[in-house]
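So the chains spell out like this:
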Amino acid sequence: MMVSKNLIICVLSIIYVSFIFRFLLCFLKLKQGLLQKAAAIAGVWIVGCTVVFPEDPFNVFGMLVLFAMVLLICFEGSVVRRLSVVLLLYPIIVSVNFVTLDATGIVFFRLTPQTPFWDAALNAFSMLLRDLIWMGIYFAFRKKAAHSIKMMTDRMWLLMDIVCAAAFAGSITLISTISHKDAWLTYPSCLACVVTAWAVSGWRPISVKPSAGIWKWKT
């Protein structure tokens, strides 16, 4: 039973992290070299599997630093672009991980006999939800993301950073300060954070007038 549970969780985790990594590659190009590739895969795996609990700001911000270091060291592009991708994707990772883990935890403690079977089943279901969410994100936005990065300047990335950072700050503040019993109150904020990142990843510049500081966007 334990072997089967671990195997299922492992397979679902591989699928989950692979879609995060594939979506990341829509924005940034991986540096050549075996060491950089191995470090990138390991770093994204660790960050993607982050366990997020209420009143736990250290884990959230620690993984944020790690994710930023991985993108700065292992991927190509300007510093602004790489840090912008951190602000775009990390809020989705944190929000999805938190909601899926907390929601299945509520079901486990309140609606089940709390047996090993239900623990394994809900853990697998939590990971399956993450798989489906990231598969949806990847297939829905990969083409728009790949097209956008070819046309966007660092100034445009900074504009996106402001939008993503505001939503992320609000969500992380709630997660880091709210008690376990009231954690479900953060779900709307997490959803707003994910939707904001989705919307931003779907932006596509259709005209640029850098001298006038005016950008037009197509969603």
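The rules we used
- Residues numbered from 1 in each chain as written.
- Predicted model: local features only at pLDDT ≥ 70, side-chain atom pairs only at ≥ 80, totals over all residues.
- Heavy atoms only, no water.
- Helix = DSSP H or I, 4+ residues; strand = E, 2+ residues; numbered from the N terminus.
- Expected span 1.5 Å × (residues − 1).
- Bend = angle between axes of the 7 residues up to and from the residue.
- Buried < 20%, exposed > 50% of the residue type's maximum accessible area, 1.4 Å probe, protein only.
- Contact = heavy atoms within 4.5 Å.
- Core = buried A, V, L, I, M, F, W, Y, C linked by side-chain atoms within 4.5 Å.
- Phe/Tyr/Trp six-rings, centres within 6.5 Å; stacked < 30°, edge-to-face > 60°.
- pLDDT = per-residue confidence, 0-100.
- Polar contact = N/O pair within 3.5 Å; in protein donor to acceptor, adjacent residues only side chain to side chain.
- Axes fitted to C-alpha atoms, helices over the stretch in contact; angles between N-to-C directions.
- Parallel < 35°, antiparallel > 145°, perpendicular 65-115°, else oblique.
- Left-handed = near helix turned anticlockwise from the far one by under 90°.
- Nonpolar A, V, L, I, M, F, W, Y, C, P; charged D, E, K, R; others polar.

*Asks:* Help me understand helix α4 (residues 79-111), please; the structure alone is not making it clear to me.
*Replies:* Residues spaced three or four apart along an α-helix point in a common direction, a consequence of the helix completing one turn every 3.6 residues. Under the 1.5 Å per step criterion, the end-to-end length of α4 is 47 Å for 33 residues, consistent within 8% with the ideal 48 Å. The principal kink in α4, of about 25°, is found at L89, preceding the proline P91 by one to four residues.

*Asks:* I'm lost on helix α6 (residues 154-177) in this one. Help?
*Replies:* With 24 residues, α6 extends 33 Å from end C-alpha to end C-alpha; this agrees with the ideal 34 Å at 1.5 Å per step. Among all positions of α6, only M156, W157, M160, D161, C164, F168, S171, I172, I175 and S176 are buried.

*Asks:* What exactly am I supposed to notice about the side chain of T112 here?
*Replies:* With respect to the helices and strands, the residue T112 is situated in the loop between α4 and α5 (116-151). Owing to a relative accessible area of 12%, T112 belongs among the buried residues under this scheme. Beyond its immediate stretch of four places on either side in the chain, T112 contacts V107, W118 and L122.

*Asks:* What should I look at first to understand the nonpolar core in this one?
*Replies:* Across soluble globular proteins, nonpolar side chains show a tendency to be buried alongside one another. Residues F23, F27, L71, F75, Y90 and W134 are the most contacted members of the largest nonpolar core, which totals 57 residues. Those elements that place two or more of their residues in this core are α1 (2-24), α2 (34-48), α3 (57-74), α4, α5, α6 and α7 (187-201). Take this core: its biggest share by element is ten residues, from α4. Among residues more than four places away in sequence, those in contact with F75 are F21, L24, L25, L28, K29, L30, K31, A40, V70 and R82.

*Asks:* Is there a simple way to think about the packing of aromatic side chains in this case?
*Replies:* The geometry of an aromatic ring pair is captured by two quantities: the separation of the ring centres and the angle between the planes. Across all of its chains, the model carries nine aromatic pairs by this definition. Ring centres of F67 and Y90 lie 6.1 Å apart, and the angle between their planes is 35°; this geometry places the pair in the tilted category. A residue pair is termed long-range when its members are at least 10 positions apart, and F67 in helix α3 and Y90 in helix α4 qualify at 23 residues. Residue class for Y90 comes out buried when judged on its relative accessible area of 0%.

*Asks:* Sorry, what's going on with the confidence of the model for the protein here?
*Replies:* Close reading of the predicted structure is inappropriate where its pLDDT is low. Predicted confidence across the protein gives a mean pLDDT of 83, with 89% of residues reaching 70 or more. Put simply, strand β2 (residues 214-218) is where the protein has its lowest mean pLDDT, 45, and α2 is where it has its highest, 93. Note that residues 205-219 has pLDDT below 50 and, in this model, 32 contacts with residues that lie over four places away or in other chains.

*Asks:* How should I be thinking about the environment of Y90 in this particular structure?
*Replies:* Counting along the chain gives 30 residues from Y90 to V60, while the straight-line C-alpha distance between them is 9.7 Å. Not counting residues up to four positions away in its chain, the partners in contact with Y90 are V47, N59, V60, M63, L64, F67, V85 and F168. At 3.3 Å, the side chain of Y90 forms a polar contact with the backbone nitrogen of L64.

*Asks:* Please clarify how the packing of α4 against α6 should be interpreted in this entry.
*Replies:* Two measures define how a pair of helices packs: the angle their axes make with one another and the distance between the axes. Remark: α4 packs on α6, axes separated minimally by 9 Å, with the N-to-C direction vectors making an angle of 30°. When the axis of α4 is compared with that of α6, the two are roughly parallel. Read as a crossing pair, α4 and α6 show a hand that is left-handed. Counted together, V80, R81, S84, V85, L87, L88, Y90, P91, V94, S95 and F98 of α4 and D154, W157, L158, D161, C164, F168, S171, I172 and I175 of α6 form the full contact between these two elements. Of the residues assigned to the contact of α4 with α6, the class counts are 14 nonpolar, three polar and three charged.

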